[in-house]
Amino acid sequence: MADVFLTHDKARELLIHLSANGVEAFGPVEKDGIHIIEKIHEQSPINFDYFITTNSIKEALFPRYEKILSYKISQEGVEVEDVPLDKSIVIMGGHPCDAASIPLMEKLFGWDYKDKFFLKRRENSVVITLACEEADNDCFCTSLGYSPRGEVGSDILLERVSDNGWKVKTLTDKGKNFAKEYADYFQSSLEADKKYPKLADKDVPVQFDPKKVKKWIDGHFEDSLWEKIASNCWSCAACTYVCPTCHCFDITDDATMWSGIRTKNWDACTLPYFTLHASMHNPREEHFQRYRQRINHKYSIYVNLFEAVSCTGCGRCSRACGARVNILEAVKMIDNAAGGK
Ligand code: SF4
Ligand code: SF4
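Residues numbered from 1 in each chain as written. Chains lettered and ligands numbered in written order. Predicted model: local features only at pLDDT ≥ 70, side-chain atom pairs only at ≥ 80, totals over all residues.

1. Let's talk about the overall build of the protein chain
Link 1 in the chain: Counting its regular elements, the protein chain contains twelve helices and eleven strands.
Link 2 in the chain: For a compact globule of 341 residues, the expected C-alpha radius of gyration is about 20 Å, and the protein chain comes in at 21 Å, within 12% of that figure.
Link 3 in the chain: For the C-alpha atoms alone, the extent of the protein chain along its principal axes is close to 65 × 65 × 35 Å.
Link 4 in the chain: For the protein chain, buried positions account for 36% of its 341 residues.
Link 5 in the chain: The contacts of the protein chain with a sequence gap of at least 6 include a subset with a gap of at least 24, amounting to 70%. (Helix = DSSP H or I, 4+ residues; strand = E, 2+ residues; numbered from the N terminus. Rg over C-alpha atoms; globule rule 2.2 N^0.38 Å. Buried ≥ 20, exposed ≤ 12 C-beta atoms within 10 Å, placed from the backbone. Contact = placed C-beta atoms within 7 Å.)

This is the structure:
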């Protein structure tokens, strides 16, 4: 197949065109010096020049807060109104460590209870990912088998070839159909600059063995290392909210006597209230117990359930943590305790 390219200008135009035509288009915007992925509108300050967005693309498929139904109560009974889930979604701007989170979350949301909200959005979405151009000391995707140019979970991968454009790799039928439908935005040539690509797998060294980490966790639920790892943690849950694979939520009713809406809202195992019983007993009273749960769930429990670690090595949780708790350092400490690589 002949090479196809997309410039930043055309990508911006495309996102705005999509959003003006009924598609939920998500893209990277620059606000107050940081880049975040959010729903695009005509005036959005779309900007593709960033290292990594602060939030992940998960909010396009699993919003922080969403109405899942509304209801009215009358003398005739209860009338329930479902929320339509038929909108097309296009997500452009995550990196391979974002896209790789989608198949991981699909395992959970398609497991014993089928979560139609996530699954329908996933079905209706096209995921367009930007291959990584840089890595920092918090990145560790390769330790989990991923790659800065990885294709897992993406429909289209954009690989930078110049300051203003990418080479387009269509990876799935969805991606091919999308590129065909919006062919006017793509072009058949673009002058490449030798300085790209900047990053290869070897630039993100493998730093631990997830199998050893799991084995140690399984045998050391009670170990003083957990307190050492999480001694700074103040249980703010920032790590959980920026993580592309954290997926806990609560269901709440906002209601009056005769009507209400039911909502699904992000929750976090790092918050003290997460396991607080009505009796006020909390089986995870200490900060380290909650942080242990976060690591244990990702690196052991998820592996038992789905044969996959629920972490893509994006490093967002470490960057977001004001208390400087660093997941890579934590997992390396466990790996060392297990005897190293
Ligand atoms: S590890 Fe850091 S970001 Fe996560 S809950 Fe603890 S203090 Fe907050
Ligand atoms: S646990 Fe941290 S490094 Fe792993 S996917 Fe979540 S935010 Fe990224």
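2. Thoughts on the sheet that holds strand β1 (residues 5-7)
Link 1 in the chain: One open sheet accounts for seven strands, arranged β1-β9-β8-β7-β6-β2-β3; its pairing is mixed. Edge positions in the sheet fall to β1 and β3 (34-39), since each has one partner strand and no second. Along the sheet, successive strands turn relative to each other by an average axial angle of 25°, direction set aside.
Link 2 in the chain: Where strand β6 (residues 89-94) and strand β7 (residues 125-130) come together, five bridges link them in parallel fashion. Within the sheet, the bridge partner assigned to G94 lies in β7 and is T129.
Link 3 in the chain: Along the sheet, helix α6 (residues 173-181) makes contact with β7, β8 (156-162) and β9 (165-170), crossing β9 at roughly 130°. (Pairing = 2+ DSSP bridges. Axes fitted to C-alpha atoms, helices over the stretch in contact; angles between N-to-C directions.)

3. Some words on the sheet that holds strand β11 (residues 259-266)
Link 1 in the chain: Strand order in the open sheet formed by four strands is β5-β4-β11-β10, and the pairing between neighbours is antiparallel. Because the sheet does not close on itself, it has two edges, and the strands there are β5 (77-82) and β10 (249-255). Taking each pair of neighbouring strands and ignoring which way they run, the sheet shows an average axis angle of 20°.
Link 2 in the chain: The pairing of β10 with β11 spans seven bridges and is classified as antiparallel. For F249, the partnering residue across the bridge sits in β11 and is W266.

4. Some remarks on the site of ligand 2
Link 1 in the chain: Close contacts around ligand 2 come from 13 residues, with C243, C311, C314, R316 and C317 the closest.
Link 2 in the chain: Counted by class, the shell around ligand 2 contains seven nonpolar, four polar and two charged residues. (Near = placed C-beta within 6 Å. Nonpolar A, V, L, I, M, F, W, Y, C, P; charged D, E, K, R; others polar.)

5. Description of the nonpolar core
Link 1 in the chain: The biggest cluster of nonpolar side chains holds 75 residues, and the ones touching the most others in it are L15, V90, I91, I128, C141 and L158.
Link 2 in the chain: L158 has contacts with L6, I128, T129, L130, A131, W166 and V168, leaving out every residue within four places of it along the chain. (Core = buried A, V, L, I, M, F, W, Y, C linked by C-beta atoms within 7 Å.)

6. A closer look at helix α1 (residues 8-20)
Link 1 in the chain: With 13 residues, α1 should cover 18 Å at 1.5 Å per step; its first-to-last C-alpha distance of 18 Å lies within 8% of that length.
Link 2 in the chain: Where α1 is buried, its residues meet β1, β2 (24-31) and β6.
Link 3 in the chain: Residue G22 follows α1 closely and has a positive phi angle near 85°. (Expected span 1.5 Å × (residues − 1).)

7. Focus: the packing of helix α7 (residues 210-219) against helix α12 (residues 327-337)
Link 1 in the chain: Running from amino to carboxyl end, α7 crosses α12 at an angle of 80°, the nearest separation of the two axes being 8 Å. Our classification of the angle between α7 and α12 gives roughly perpendicular. Residues K212, V213, W216 and I217 of α7 form the contact with α12, whose participating residues are V331, I334, D335 and A337.
Link 2 in the chain: Residues of the contact of α7 with α12, tallied by class, amount to six nonpolar, no polar and two charged. (Parallel < 35°, antiparallel > 145°, perpendicular 65-115°, else oblique.)

8. Some remarks on the packing of α7 against helix α10 (residues 287-306)
Link 1 in the chain: Relative to each other, α7 and α10 sit at 90°, their axes nearing to 9 Å. As summarised for this structure, α7 and α10 are arranged roughly perpendicular, according to the angle between their axes. Across the interface between the two elements, P210, V213, K214, I217 and D218 of α7 pack against N296, Y299, S300 and V303 of α10.
Link 2 in the chain: Here the residues of the contact of α7 with α10 are counted per class, giving five nonpolar, two polar and two charged.

9. Considering the environment of W234
Link 1 in the chain: Its location among the elements puts W234 in the loop between α8 (224-229) and α9 (238-242).
Link 2 in the chain: Note: C-alpha distance between W234 and T270 (36 residues apart in sequence) is 9.0 Å.
Link 3 in the chain: Once residues lying within four places of it in the same chain are set aside, the contact partners of W234 are H287 and A323.

10. Some points on unusual backbone geometry
Link 1 in the chain: Looking along the chain, the bond that leaves Y196 and enters P197 is cis, with omega of -10°.
Link 2 in the chain: Positive phi outside glycine occurs at D32, with the angle close to 50°.
Link 3 in the chain: If you trace the backbone, D32 turns up in the loop between β2 and β3.
Link 4 in the chain: The residue E307 is not glycine, and still its phi comes out positive at about 55°.
Link 5 in the chain: Tracing the backbone shows E307 in the loop between α10 and α11 (316-320).

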